[in-house]
Amino acid sequence: DDYTSFSVRRLKLWIKPTPEFSEHWFYKIQTIFSSFAQEKFFLQDVKIGYKTGLFSFDIGQFVPQYSLQRFQPDYKIAPIERAKVINALIPDGTLGVRDIGLQANFRTKDKHFATHLGLFNGYGIKEYRFNNQGYMIVHKSEINIPVKDNKIKFGYSLQYRYAENLQLKFILPDTIRFTGNDFRYNLFAMYKSKLFELQAEYLTADFNGQKAGGYYVLSTINLNKNQIVL
């Protein structure tokens with residue numbers, strides 16, 4: 001149609017320490033550039049952490065542990081983009097995805113079980129409030145079962161937030177700002193082999209009795225360097 005245009009969908013830059021930096025301390029700084037964001041750099045992750053034994057602790061600005069697909073790198077997801085229900089119903093999906101707070105993590109030595117518990121501001125990162133009265137608690141657990149060369153994973157996520165004057169796009173009308181109890185949960189499962197991958201998630205949210213929910217099912221068949229995705 002006589003139109004020509006180029007754009008950068010997603011360009012990420014991040015800084016992480018080398019293994020020689022410290023036995024216990026670590027950090028992460030991540031920025032993103034996208035043509036969809038008016039050609040501006042956006043600061044995403046700014047966090048420091050501490051590891052000791054099977055435990056680790058994060059503090060700063062980062063994504064609260066919730067959902068399976070949200071923590072799969074976008075370049076490894078077969079359809080490239082995450083499911084719409086993930087973007088809408090994870091705790092801060094409509095508020096900047098990330099939040100400011102602290103999180104404790106536990107992972108067994110064989111990595112068969114992991115669990116997380118975090119406390120956050122609860123209003124995302126699109127604004128900063130000096131007089132915030134809300135808060136958010138997030139919890140996630142998962143079990144990983146290796147079967148020869150195959151992987152099976154399943155788990156759940158929970159979130160409780162006392163919300164204060166939040167605009168929840170794609171969930172509530174744009175004219176409404178929500179204050180009250182926001183409770184959400186998520187169930188997920190995944191099977192992965194060299195030839196076949198299947199994963200599914202269900203997410204739901206309850207806003208003082210008003211409910212929203214959704215799911216996705218994603219399957220992938222790997223044929224050499226090609227994929228069939230449904």
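Residues numbered from 1 in each chain as written. Predicted model: local features only at pLDDT ≥ 70, side-chain atom pairs only at ≥ 80, totals over all residues. Heavy atoms only, no water.

Caption draft 1: Seen up close, the pairing of strand β6 (residues 113–120). Bridging between strand β5 (residues 99–107) and β6 involves 7 bridges; their strand directions are antiparallel. Of the residues in β6, the one forming a bridge with F106 is T115. Pairing analysis gives 8 bridges linking β6 to strand β7 (residues 135–147), with the strands arranged antiparallel. If you follow G118 over to β7, its bridge partner there is V138. (Pairing = 2+ DSSP bridges. Helix = DSSP H or I, 4+ residues; strand = E, 2+ residues; numbered from the N terminus.)

Caption draft 2: Structural view of the pattern of salt bridges. A complete count under the given rule lists 12 salt bridges for this structure. Among the salt bridges present, the one from K28 reaches D45, with a minimum N-O distance of 3.3 Å. Of this pair, K28 sits in strand β2 (residues 25–33) while D45 is found in strand β3 (residues 41–52), placing the two residues 17 residues apart along the sequence. Overall, K28 belongs to the buried group, its relative accessible area being 18%. One salt bridge in this structure joins K153 and E142, with 3.1 Å as the shortest N-O distance. A residue pair is termed long-range when its members are at least 10 positions apart, and K153 in strand β8 (residues 150–166) and E142 in strand β7 qualify at 11 residues. Of the two residues examined, K153 and E142, each falls in the buried class. Linked by salt bridges that have partners in common, R9, R10, K12, D74 and E81 make up one network. (Salt bridge = Lys/Arg side-chain N within 4 Å of Asp/Glu carboxyl O. Buried < 20%, exposed > 50% of the residue type's maximum accessible area, 1.4 Å probe, protein only.)

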